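Topology and contacts: notes
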Amino acid sequence: MRLVKNLSPYGDAAFRRNFKLHLGNGAFSAFAESFTNSNVVMTSFASQLTSSNVLVALMVLTMDAGWFLPQFFIAPWVERVRHKAAIYRGTTVLRFVAWSVLVALVWFSTDKASLLLPFFACICFISLSSGVAGLPWTLVTAKIIPASKRGYLFGMRQFLGSLLGLVGGGVLAYILSGQLDLVFPQNYGLIFAIAGASFMISYVMFGFVTEPPDPPVTAPISLRVQLQRARKTLVTNSSYRIFLLLRSLLFIGGASAPFVTVYARRARGAGDSYFGLIAIISVIVGLIANLAWGRLSERHGNRFVLGAAGVCGAAAGLSLLGLIAAQVPDGVAQAAMILPFVLSTLATTGIGVVGSPMLMDIAPADDRAHYFGLTNTLLGVVLLSTSGVGLIADAFGFGALFGVCAASFLGAIACVRLLRRADLQVKHDSDARL
């Protein structure tokens, strides 16, 4: 891999080493996530433990929301630690224990009803521990990777992860096909064991990055001061407010993705082998999409990519509405539903490529811990609250759910235009002061 010279103020050799470790972290993490795909694998597993759409949504969304939720509250503590990666390393031990317990629970369980609560508890602990690690991870990334190469890094992380995911998708499809003679939930126990081991490799790799120390911060920041800073940030920074609204609408729109799997299983009779095939297709589409989104980010900017991802998400919801209205046979419906799965994957990968770099661009360099912590906690609340979309499915059916989520994606597209106008206004005001 060719890396452009003179990219980092911390030394070329250190940059190259950090870049490769960061890539490895992303690649193995993406490989693990191919076995815990929330839209396919986790939703399929959860839907076999409970018939409640709300519980399925809550269980699946907790995996992502737990990463976001604690970051605002730990930001003052993280800000005072000069080497943020030390916090990340500490959480690796906690997550190893939690993954080991989760795999043991699923493998040795004989009763679906008794598995639901402890499985959910393990998912919550892993997710929250990852959230504690997430803020140091973001801050370290912002320090060791120059802004000009962040989009490239994240695109390459997901590209290499997709390559490994091709292998993972094949293994996943083989396990779910039933050829190993494993019954539920042991088949998923094997899947989670592979995922947990891959996550551990990913965590250890990032733990080896070389991080320059931050200046010492001696004065502790109280929660009251933290809340005052948050209020001031929200009131004075219009671009930041629009960015939060944009990401919130993308989360609400993306909440429909797990229910594509639920709809396919419950309303169209799809089985595990079908979802194994969908997992492989999703990995292949993600592989191609990461390259495309990365190129579009370099040529047209992160805002363009988020807008395009919103278009894909809205198209997925609208195509599902058309499928429901058409009332076609189940076999035809399963084939037609490949398109919404593909469009959802395009939307998810687009957001993944540019979401974090875009926040790094917006956040002031001397106040990143505050901005990252505030943003991720607020988005975590939004993400967790989207579990309420299960109520829409329960009360009004899948058609209403897909319609609401498609409308949210359309709202996100409008926010991209507002964000461009806000940025132009800030630039105009700055030029006028000069």
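The preceding data block contains the structure.
Rules of the game
Within each chain, residue numbers correspond to sequence positions counted from 1 in written order. This being a predicted model, a pLDDT of at least 70 is required before a residue's local features are given, and a value of 80 or more before pairs of side-chain atoms are given or counted; all residues contribute to the totals for chains, interfaces and linings. The side-chain numbers reported here are obtained from all heavy atoms of the structure, hydrogens and water having been left aside. Comment: elements are numbered from the N terminus, with helices defined as DSSP H or I runs of at least four residues and strands as E runs of at least two. The quantity called the radius of gyration is restricted to C-alpha atoms. Its globule counterpart is 2.2 Å times the number of residues to the power 0.38. Three exposure classes are used, based on accessible area relative to the maximum for each residue type with a 1.4 Å probe and protein chains only: buried under 20%, partly exposed in between, and exposed over 50%. Contact definition: two residues touch when any of their heavy atoms are within 4.5 Å. A 1.4 Å probe that fits but cannot get out identifies a cavity on a 1 Å grid over protein atoms alone, an open set with protein on both sides within 12 Å along at least five of seven lines counts as a pocket, and a residue lines either if it has an atom within 4 Å of a point. Grid points are joined across faces, edges and corners, and a volume is the space filled by probe spheres set on the points. Polar here means any residue other than Ala, Val, Leu, Ile, Met, Phe, Trp, Tyr, Cys and Pro, which are nonpolar, and Asp, Glu, Lys and Arg, which are charged; Gly is therefore polar. Take the buried Ala, Val, Leu, Ile, Met, Phe, Trp, Tyr and Cys residues and link them wherever side-chain atoms come within 4.5 Å; each set so joined is a nonpolar core. Inter-axis angles, ranging from 0 to 180 degrees, are taken between N-to-C directions of lines fitted to C-alpha atoms, where helices are fitted over the stretch in contact. Orientation categories follow fixed angle ranges, with anything under 35 degrees roughly parallel, anything over 145 roughly antiparallel, 65 to 115 roughly perpendicular, and all other angles oblique. Put simply, a salt bridge is a Lys or Arg side-chain nitrogen that is within 4 Å of an Asp or Glu carboxyl oxygen. Two rings from Phe, Tyr or Trp (for Trp, the six-membered ring) form a pair when their centres are within 6.5 Å of each other. A pair whose planes differ by under 30 degrees is stacked, one over 60 is edge-to-face, and the rest are tilted. Here, a charge over a ring means that NZ of Lys or CZ of Arg falls within 6 Å of the ring centre while also lying within 35 degrees of the ring normal.

**So, the overall build of the chain**
In terms of helices and strands, the chain carries 18 helices and zero strands. Taking 434 residues into account, the globule formula puts the C-alpha radius of gyration at 22 Å, and the chain, at 21 Å, falls close to it. Counting every position in the chain, which comprises 434 residues, the buried fraction comes to 55%. Long-range contacts, defined here as pairs at least 24 residues apart, represent 85% of the contacts in the chain between residues at least 6 apart.

**Notes on the side chain of Gln334**
On the secondary structure map, Gln334 appears in helix α14 (residues 330-336). Classification of Gln334 as buried rests on a relative accessible area of 19%.

**Considerations on the layout of surface pockets**
Roughly 270 Å³ of volume is contained in the largest pocket. In this structure, the largest pocket is lined by 12 residues; those nearest its centre are Lys84, Asp214, Ala365, Asp366 and Arg368. Among the secondary structure elements, those contributing two or more residues to the lining of the largest pocket are α6 (112-144) and α16 (368-385). Its residues assigned to classes, the lining of the largest pocket shows five nonpolar, no polar and seven charged. If you add up the space inside the second largest pocket, you get close to 220 Å³. If you go around the second largest pocket, you meet 10 residues; those closest to its centre are Tyr152, Leu291, Gly294, Arg295 and Glu298. Elements with a contribution of two residues or more to the lining of the second largest pocket: α7 (150-176) and α12 (272-300). Of the residues that constitute the lining of the second largest pocket, the class distribution is four nonpolar, four polar and two charged.

**Let's talk about the nonpolar core**
Phe119 and Phe192 are the most contacted members of the largest nonpolar core, which has 123 residues in total. In terms of residue count, α6 provides more of this core than any other element does, 12 residues in total. Not counting the four nearest positions on each side in its chain, Phe119 is found in contact with Met42, Phe45, Met59, Leu102, Leu105, Val106 and Phe192.

**Things to note about the packing of helix α5 (residues 85-108) against helix α8 (residues 186-207)**
Put simply, α5 and α8 touch, their axes get as near as 9 Å, and they point 170° apart. If you check the angle between α5 and α8, you find them roughly antiparallel. Per-class residue counts for the contact of α5 with α8 are 16 nonpolar, six polar and two charged.

**Here's the deal with the pattern of salt bridges**
Under the criterion given, the structure shown has three salt bridges. Across the pair Arg229 and Glu79 runs a salt bridge, and its minimum N-O distance is 3.9 Å. Placement of Arg229 in helix α9 (residues 223-236) and of Glu79 in helix α4 (residues 71-80) is noted, with a sequence separation of 150 residues between them. As far as burial versus exposure is concerned, Arg229 and Glu79 are alike and both buried. A salt bridge links Lys143 to Glu211; the shortest N-O distance between them is 2.6 Å. With a gap of 68 residues between them, Lys143 in helix α6 and Glu211 in the loop between α8 and α9 connect regions that are remote in the sequence. A residue is classified by how much of its surface remains accessible, and Glu211, at 8% relative accessible area, is buried.

**Concerning the environment of Ala315**
Mapped onto the elements of the fold, Ala315 is located in helix α13 (residues 302-326). Measuring from C-alpha to C-alpha, the distance between Ala315 and Ser127 comes to 30 Å, with 188 residues separating the pair along the chain.

**Quick look at the packing of helix α3 (residues 53-68) against α16**
Relative orientation and spacing of two packed helices are given, respectively, by the angle between their axes and the distance between those axes. Between α3 and α16, the least distance of the axes is 8 Å, while the angle of their chain directions is 175°. In terms of orientation, α3 and α16 fall into the roughly antiparallel class. Only Asn376, Thr377, Leu379, Gly380, Leu383 and Leu384 of α16 make contact with α3, whose side of the interface consists of Leu58, Leu61, Thr62, Asp64, Ala65, Trp67 and Phe68.

**Quick look at the packing of aromatic side chains**
If you walk through the whole model with that rule in mind, you get 22 aromatic pairs. A ring pair is formed by Phe31 and Phe35, whose centres lie 5.3 Å apart and whose planes are at 75°; its orientation type is edge-to-face. The residues Phe31 and Phe35 share a single accessibility class, namely buried. With 6.2 Å between their ring centres and 25° between their planes, Phe398 and Phe402 make a pair best called stacked. On the criterion of helical spacing, the pair formed by Phe398 and Phe402 is a turn pair, its members being four residues apart in helix α18 (residues 398-433). For Phe402, a relative accessible area of 0% translates into the label buried. Grouping aromatic residues by their ring pairs yields a cluster made of Tyr88, Trp99, Trp137, Phe199, Tyr203 and Phe206. It is Arg95 that lies over the ring of Tyr88; its NZ or CZ is 5.2 Å from the centre. Taking NZ or CZ as reference, Arg95 lies 3.6 Å from the ring centre of Tyr203, over its face.

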